[in-house]
Amino acid sequence: EKKGLGQELKSDVEKLSKALEQVFQSKATMVRSLRMFLLKNLERSRGVSFLRSAMLVAPLSECKWLKDWKNTSEPGLIRFLGSNKLPKTNPFKTQALFSDVHVALGAGLDPKTTGFKGLEAICTQTLSQKKQSIPALKGALLAAIFHECYLLK
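Calculation criteria
Residues numbered from 1 in each chain as written. Predicted model: local features only at pLDDT ≥ 70, side-chain atom pairs only at ≥ 80, totals over all residues. Heavy atoms only, no water. Helix = DSSP H or I, 4+ residues; strand = E, 2+ residues; numbered from the N terminus. Buried < 20%, exposed > 50% of the residue type's maximum accessible area, 1.4 Å probe, protein only. Polar contact = N/O pair within 3.5 Å; in protein donor to acceptor, adjacent residues only side chain to side chain. Contact = heavy atoms within 4.5 Å. Salt bridge = Lys/Arg side-chain N within 4 Å of Asp/Glu carboxyl O.

Caption draft 1: View of the side chain of serine 61. Summarising the element assignment, serine 61 is placed in the loop between helix H3 (48-56) and helix H4 (64-71). A relative accessible area of 14% means that serine 61 is categorised as buried. In this structure the side chain of serine 61 is engaged in a polar contact, spanning 3.5 Å, whose partner is the side chain of glutamate 62. When residues no more than four places from it in sequence are discounted, the contact partners of serine 61 are Ala54, Met55, Leu56, Leu66 and Lys67.

Here it is as structure tokens:
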């Protein structure tokens, strides 16, 4: 039974990796945070030893996105593959506008509030005054929604 569970998990990781391949190959600044989010969740659900092992064998070790990421020699990833843990902080916090959008979205989702006025204000201000920040706003909205939906599990 345990062997079957291992094969099932391997199959699930392989399917997930293939589905995320195009997203993780993107040059968008948010990609590192999404990769880290995936790895942090694998670590939380299965443990750090499992994650390190999984990154060294197929199917994860065969993923183009992971190979490319390793080739960047990013210190955090290289350290983790050695002996340190993944960062404990929210990987989306470094994204432009994320903190403000996340707080506003959380307030809007709170059943005690009457709506998304704070989020509307951030969007309106960005759209009217900081047009060059529209891509950052989109990324922050996506990351905040993703993060909040994950927390609702």
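Caption draft 2: Just the pattern of salt bridges, in detail. One pass over the full model with this rule turns up two salt bridges. The partner of glutamate 62 in a salt bridge is lysine 67, with the nearest N and O atoms 3.8 Å apart. Exposure remark for glutamate 62: the relative accessible area of 51% places this residue in the exposed category. Taking the relative accessible area as the measure of exposure, lysine 67 reaches 37% and is therefore partly exposed. Put simply, aspartate 68 and lysine 64 hold a salt bridge, and the shortest N to O gap is 3.1 Å. Placement of both aspartate 68 and lysine 64 in helix H4 is noted, with a separation of four residues, approximately one turn of the helix. Overall, the relative accessible area of 47% leaves lysine 64 in the partly exposed class.

Caption draft 3: Examining the environment of glutamate 74 more closely. Relative to the helices and strands, glutamate 74 resides in the loop between H4 and helix H5 (75-82). Glutamate 74 has contacts with Arg32, Met36 and Trp69, leaving out every residue within four places of it along the chain.

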